[in-house]
Amino acid sequence: MQFIDLKTQQQRIREEIDRRMAAVLDHGHYIMGPEVFELEAKLAQYVGVKHAVSCASGTDALLMALMAAGVGPGDAVFTTPFSFFATAEVVSMVGATPVFVDIDPQTYNLDPEALEAAASAFSGRSGYPPFLRDQSHGELTPKAVIAVDLFGLPAEYDRIKRIAQKYGLAVIEDAAQSFGALYRGRKAGSLADVACTSFYPAKPLGAYGDGGMCFTNDDVTANLLKSIRIHGMGCDQYDNVRIGINGRLDTLQAAILLAKFDIFPAEIKMRGKAAATYSRLLAGCSGVQLPLVKREFESVWAQYSLLAESQTHREVTRQRLSAAGIPTVIYYPKPLHLQAAFGDLGYRAGDFPVSEDCAARIFSLPMHPYLSLAEQEKVADLVNCET
Ligand SMILES: *Cc1c(COP(=O)(O)O)cnc(C)c1O
């Protein structure tokens, strides 16, 4: 069994992929070709925002969003420690300081109450939120919050935005895993000042290489993103008005994404069905916590993740599945505040107990649109076994 089946998907659309790639080879505009702009227009419409700015990866999308927001040295950016490294890495890349806040134990997304507590600590004369022990960066100014839609489930944007407004923070949506998801009838990618997604092959909408996209309704931000994407360009490529990056999306990747986007809405339905099947098959299983999707939320099921009773229970269960040829993956085994790369921030084990506990017990089952009922029954039977 495969964790993510990209082969079956390719068989469905191979002709269209071949046709789209051949068109690029024929016109030869490998950089910023017409497919790049066609994809941007289609995805902006799909998400329901005014501007889509494609780029080279989800990481670049986040980096560009921070650069466009003017975040830099001396600024604090709130985010979750239970995410992929890139979410906080980009904060350090622009010279700002990540300030972690813990997650909700049921959705695994940023806890709005923890955000409020951390943001208010800056305005009190304590000066710093709890656990940010290294103050060698000097006085920090809270500037932004990056919320992550983990496993495909949007974060609580209405609550987060209310807090952000109170403390003057820009809100960035890390929608790398949630492209296609919904929150109160609005699409992921439209839920913050700027949203960033990834087209890494394993994401719900994946290319055959790296790619990413920023979404925004703000004209000024969109123009900044377009400039930053191409070395801070002004009126043309050789007029440079600010420091930027080489962050363009390849035309060939855009062509592949256009072919994949044709079947994306249908694939989302299949993902939803597969997730519902897992939840039904595992409903009686007392040893694991199933994913919780609250009312008004629709996950795109980038992952179907379970919380085992303990780290030992997780290992025993994963080994039983592995012995039967069923792959599982741990997203994420080490919370970001405990990563060596952030060692100089001075965080310690115990600072974010919910994130640490989830990191010790979480694991993800095979998830893709082409799972068969027989495969899912086999997985569920093995998860259900007494340990
Ligand atoms: C995948 C991912 C990223 C980074 O995207 P890339 O395209 O791999 O650079 C950022 N944040 C989250 C939550 C991700 O899952």
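For the structure itself, consult the block above.
Here goes a summary of the coordinates provided. Every value quoted in this text rests on a predicted model; they were computed, and no experiment measured them.

Conventions and cut-offs
Residues numbered from 1 in each chain as written. Predicted model: local features only at pLDDT ≥ 70, side-chain atom pairs only at ≥ 80, totals over all residues. Heavy atoms only, no water. Helix = DSSP H or I, 4+ residues; strand = E, 2+ residues; numbered from the N terminus. Rg over C-alpha atoms; globule rule 2.2 N^0.38 Å. Buried < 20%, exposed > 50% of the residue type's maximum accessible area, 1.4 Å probe, protein only. Contact = heavy atoms within 4.5 Å. Near = heavy atom within 4 Å. Polar contact = N/O pair within 3.5 Å; in protein donor to acceptor, adjacent residues only side chain to side chain. Areas by Shrake-Rupley, 256 points an atom, 1.4 Å probe, with all protein chains shown as cover. Nonpolar A, V, L, I, M, F, W, Y, C, P; charged D, E, K, R; others polar. Core = buried A, V, L, I, M, F, W, Y, C linked by side-chain atoms within 4.5 Å. Domains from an automatic or database assignment. Phe/Tyr/Trp six-rings, centres within 6.5 Å; stacked < 30°, edge-to-face > 60°. Lys NZ or Arg CZ within 6 Å of the ring centre and 35° of its normal.

### Regarding the overall build of the protein chain
Then step 1. The secondary structure content of the protein chain amounts to 12 helices and 12 strands.
Then step 2. In terms of overall dimensions, the protein chain is globule-like: its C-alpha atoms have a radius of gyration of 21 Å, near the 21 Å expected for 387 residues.
Then step 3. Counting only C-alpha atoms and orienting by the principal axes, one finds that the protein chain spans roughly 65 × 60 × 35 Å.
Then step 4. Expressed as a percentage of its 387 residues, the buried residues of the protein chain come to 55%.
Then step 5. Considering only contacts in the protein chain between residues 6 or more positions apart, those separated by 24 or more positions represent 71%.

### Comments concerning unusual backbone geometry
Then step 1. Following Tyr 331, the chain continues to Tyr 332 via a peptide bond in cis, the omega torsion being 0 degrees.
Then step 2. Secondary-structure assignment places Tyr 332 in the loop between α10 (311-323) and α11 (353-361).
Then step 3. Despite not being glycine, Met 32 has its phi angle at roughly 55 degrees, a positive value.
Then step 4. The residue Met 32 is located in the loop between α1 (6-27) and α2 (34-47) in this model.
Then step 5. Look at His 231: it is not a glycine, yet its phi comes out positive at around 55 degrees.

### Comments concerning the site of the ligand
Then step 1. In the region of the ligand, 16 residues are neighbours, and Gly 58, Thr 59, Gln 177, Ser 198 and Lys 203 sit closest.
Then step 2. One of the side-chain N or O atoms of Thr 59 is found 2.5 Å from an oxygen atom in the ligand.
Then step 3. Residue Gln 177 places a side-chain N or O atom 2.8 Å away from an oxygen atom belonging to the ligand.
Then step 4. Computed on the free molecule, the ligand has an accessible area of 380 Å², of which 93% lies beneath the protein chains in the complex.
Then step 5. Breaking the shell around the ligand down by element, the ones donating at least two residues are α3 (58-68) and α4 (86-93).
Then step 6. With three residues, α3 is the largest single contributor of residues to the shell around the ligand.
Then step 7. Considering only residue class, the shell around the ligand consists of six nonpolar, eight polar and two charged.

### Considering the nonpolar core
Then step 1. Phe 78, Phe 100, Val 145, Tyr 157 and Ile 160 are the most contacted members of the largest nonpolar core, which totals 33 residues.
Then step 2. With five residues, the top contributor of residues to this core is helix α5 (residues 112-123).
Then step 3. Counting the residues that make up this core, at least three belong to each of domain 1 (6-101 + 108-261) and domain 2 (264-383).
Then step 4. Not counting the four nearest positions on each side in its chain, Phe 100 is found in contact with Thr 79, Thr 80, Pro 81, Ala 88, Leu 336, His 337, Phe 342, Leu 345, Tyr 347 and Phe 352.
Then step 5. Counting 32 residues, the second-largest nonpolar core is a separate cluster that includes Ile 103, Tyr 108, Ala 275 and Ile 330.

### Here's the deal with the packing of aromatic side chains
One pair of aromatic rings is described through two measures. These are the centre distance and the angle between the planes.
Then step 1. Tallied over the full model, the rule gives 22 aromatic pairs.
Then step 2. With centroids separated by 6.5 Å and ring planes inclined at 85 degrees, the aromatic side chains of Phe 82 and Tyr 332 adopt a geometry described as edge-to-face. A residue pair is termed long-range when its members are at least 10 positions apart, and Phe 82 in the loop between β2 (75-79) and α4 and Tyr 332 in the loop between α10 and α11 qualify at 250 residues. With respect to burial, Phe 82 and Tyr 332 carry one shared label: buried.
Then step 3. What links up through ring pairs into an aromatic cluster is the set Phe 3, Phe 82, Phe 84, Tyr 108, Phe 151, Tyr 331 and Tyr 332.
Then step 4. When the ring centre of Tyr 46 is taken as origin, the NZ or CZ atom of Lys 187, which lies over that ring, is 4.1 Å away.

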